[in-house]
Amino acid sequence: MRSVPAKTRALQCLLIAQALLIASPVTTVDNLLTAPRAVGAQAVRADLAATLAASVPLLTSLVPVVLVYVALAVTTRSRGSLTAAGVLSALGLLVAAVPALRDATFAAEELHGLALALAAVSALGLVVLAWPQRTSERRGRLGRRAVTFVAAALLVLAGVGAVGSSIPSAPASALLSPDLDFRTAKPSETFAANLPAQNPHLAPNPSSNIHHDGAMSDAYFDREVLDPRSARVVRRHLGGVCASIMFDSAGRLVAVCVNPTRVTLNVLEPDSLELLARKQVARRPFRADFATNFAGGGYAVLDDQQQVVLPTADRRITQWATTNSTGEPEISLVDEFDVTSFLTEGEGINSVLPDASGYWWMVGQLGSVGVLDPRSGKVSRMRFENADIENSFAVAKDGGAYIVTSRELVFAEVVKAKPVITWREAYDPGTRRKPGQTSRASGTTPTLMLDEHLVAITDNADPQMNVVVYDTATGLAQGDRQICKVPVFAKGRSATDNSLIALGHSLFVENNYGYNLLTATNGRSSEPGLARIDVFADRTGCELKWQNHQIRIPSVVSKGTAAGAIISYTKENSVWGVDAWYFTALDARTGEVMWRVRAGSGPMVNNHYAATYLGQNGSIYTGVTGGIVALVPARAR
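Quick caveat: nothing in here was measured; it's all calculated off a predicted structure.

A. Here's a closer look at the overall build of the protein chain. When helices and strands are counted, the protein chain shows nine helices and 34 strands. Against the globule reference of 26 Å for 637 residues, the protein chain gives a C-alpha radius of gyration of 26 Å, in line with a compact fold. Considering only C-alpha atoms, the protein chain reaches an extent of 90 × 55 × 55 Å along its principal axes. The proportion of buried residues among the 637 residues of the protein chain is 59%. Excluding contacts between residues fewer than 6 apart, the proportion of contacts in the protein chain whose partners are at least 24 apart in sequence is 61%. Computing the positive centroid from 59 side-chain charges and the negative centroid from 55, the protein chain places the two 13 Å apart.

B. Highlighting the pairing of strand β9 (residues 307-311). In terms of burial, β9 is largely enclosed, as five of its five residues are buried. Taking every second residue as pointing to the same face, both faces of β9 are buried, with Gln307, Val309 and Pro311 on one and Val308 and Leu310 on the other. In terms of strand pairing, strand β8 (residues 301-302) meets β9 through two bridges, oriented antiparallel. Among the inter-strand pairings, Val301 is bridged to a residue of β9, identified as Val309. Remark: four residues form the turn of the hairpin made by β8 and β9, two consecutive strands paired antiparallel; Gln306 in that turn has positive phi of roughly 65°. Here β9 runs beside strand β10 (residues 316-323); their pairing, made up of five bridges, is antiparallel. Opposite Pro311, over in β10, you have Ile317 as the bridge partner. The antiparallel pairing of β9 with β10 creates a hairpin that spans four residues between the two strands, and Arg315 there sits at a positive phi of about 70°.

C. Here's a closer look at the state of the cysteines. One pass over the full model with this rule turns up two disulfides. The side chain of Cys242 participates in a disulfide bridge whose partner is Cys257; the two sulfur atoms lie 2.0 Å from each other. Here Cys242 and Cys257 share a disulfide; its torsion about the S-S bond, 100°, makes the bridge right-handed. Highlighted residues: Cys242 in strand β4 (residues 241-247) and Cys257 in strand β5 (residues 253-258), separated in sequence by 15 residues. We note that Cys242, like Cys257, is buried. Two residues, Cys484 and Cys542, share a disulfide whose sulfurs are 1.9 Å apart. Its S-S torsion of approximately -65° makes the covalent link between Cys484 and Cys542 left-handed. Here the residue Cys484 occupies a position in strand β23 (residues 482-488), and Cys542 occupies one in strand β27 (residues 542-548), the gap between them amounting to 58 residues. The burial state of Cys484 is the same as that of Cys542; both residues are buried. For the protein chain, the bonded cysteines pair up as 1-2, 3-4 when numbered in the order they occur along the sequence.

D. Highlighting the packing of aromatic side chains. Within this structure, the stated rule accounts for 10 aromatic pairs. Among the aromatic side chains, those forming a connected cluster through ring pairs are Phe191, Phe508 and Trp546. The lysine or arginine in question, Lys559, covers the ring of Tyr613, its NZ or CZ lying 4.2 Å from the ring centre. The side chain of Arg596 reaches across the aromatic face of Tyr582, ending 3.9 Å from its centre.

Quick notes on the rules
- Residues numbered from 1 in each chain as written.
- Predicted model: local features only at pLDDT ≥ 70, side-chain atom pairs only at ≥ 80, totals over all residues.
- Heavy atoms only, no water.
- Helix = DSSP H or I, 4+ residues; strand = E, 2+ residues; numbered from the N terminus.
- Rg over C-alpha atoms; globule rule 2.2 N^0.38 Å.
- Buried < 20%, exposed > 50% of the residue type's maximum accessible area, 1.4 Å probe, protein only.
- Contact = heavy atoms within 4.5 Å.
- Lys, Arg positive; Asp, Glu negative; His and termini not counted.
- Charge placed at Lys NZ, Arg CZ, Asp CG, Glu CD.
- Pairing = 2+ DSSP bridges.
- Disulfide = S-S within 2.5 Å.
- Phe/Tyr/Trp six-rings, centres within 6.5 Å; stacked < 30°, edge-to-face > 60°.
- Lys NZ or Arg CZ within 6 Å of the ring centre and 35° of its normal.

So, in structure tokens, the structure goes:
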């Protein structure tokens, strides 16, 4: 047997080290088995951009596989194997040097790519040293067979994904993570809470929008969470992130799902997630920031006529019926309004909501605010210069809207059919766009509480984000509205891009610092944190009741119940590279985890800023990058 020189053995070890640092073995196996199915599923239900995005995990995992194969081949010191070793090591060095690429590697968090860079540079050096002793030996036939086998396997898996209706879930991560962690199904305390006012132009609370009601409470007052021990997980592939999920009068799910260039409206059966009706209702121009651009489909509402009101990327407000004259699921356009006049060049519409008087308020990404009279179609506007608006807004029970820009919280009313600012309060916008945020600003939609006497947001302050509560009373001088300002989470590692939950005197806020699509892979998650802040009974201040420093909530819009539970969607760090996502219930009194159920594994079950919802029977629904995952009652035996 021919001996292998020590330098060649060292090169082999460095190539294998690069493979392990780029992706963990668990992630590699998961992506090889799951990503082709995701590509096939996206190809038949999504657009080209979403299909290509689904292929990224596959490409990421093919690199370590090829590195291992080349490590085996370099024992021949052939020209081809050394060339491949040099090219792949140069790629490894590039990945280590570029932050956006480095963040997707297994080595990123702890070693920040240093180990990968050292392994790549050392391998390049050994390739240079071995090059003069290269041989002409070839392994072309073996290489071609390997490529043919891998290509055939990937095509078969893509076909399986194309014909299936479930979201592909990663098998290795599933084997290495528990299905259920259970302590208790009953919260320790209920919450006495003022019910949010019913907006007469929205579907009955809490079914009208991503934050439930006009007050944006993100709370349920009429239902409890199901017992996870008698529940099952269902996943439905819909080809896009389903951020806005509403419930029609028949209890069916009405979901607006968005991918880079298309928006679809879907009607689903609530227990099986069977697709009852589906229609593409808008197009979106492809943008480099499609993953964090919520305009033209991220927000939608269900109105009092059970029609979906949806802003589109081509500057229209559209109304869609989801049933026909006999009440059967069928999607059709009812009306549309061109609202271009209230927007500036290149500005998209983030959200639209009717207020109590029937005017539709609209907010644009670049600071434009419009009011549409749907009876006449007339649009009026105002604009916040040098400011942007990245989230939705709240509407008051007596008319008017609470809007948070990148600089201030504003309350505006309609006066003579035009929006007019009634009061405004500046907040601390911080010094940077923090990891996990879509802009340098408050990440929250304003939340009204205590019969709309108070309104709460978060700021973007450094070193710590604050929960800030304001008095909504008329006649107060600017600067006198602030009730309290409470810092939360670790210094230098606090940010949120989701609205607060309001239950009675209590507010709940989550930490999303560190999240993005790339960093939620290879066993990594976001910074931990969930906190409860209580407003004093006399409304003179607030106190921090508890902080959970273990729970990690990458980006979901969590929800609360008056029964005493907080419902979230979590992902823990894993040194093995496990990417498991969980439906998670916490006790609102203590912040302790009650239970968690694995919703699935891998990138297709990442919620990516979508919300979690609670059905009338206690079922949980979460929008994810591939569609919807649900925890529903188990089938009767």
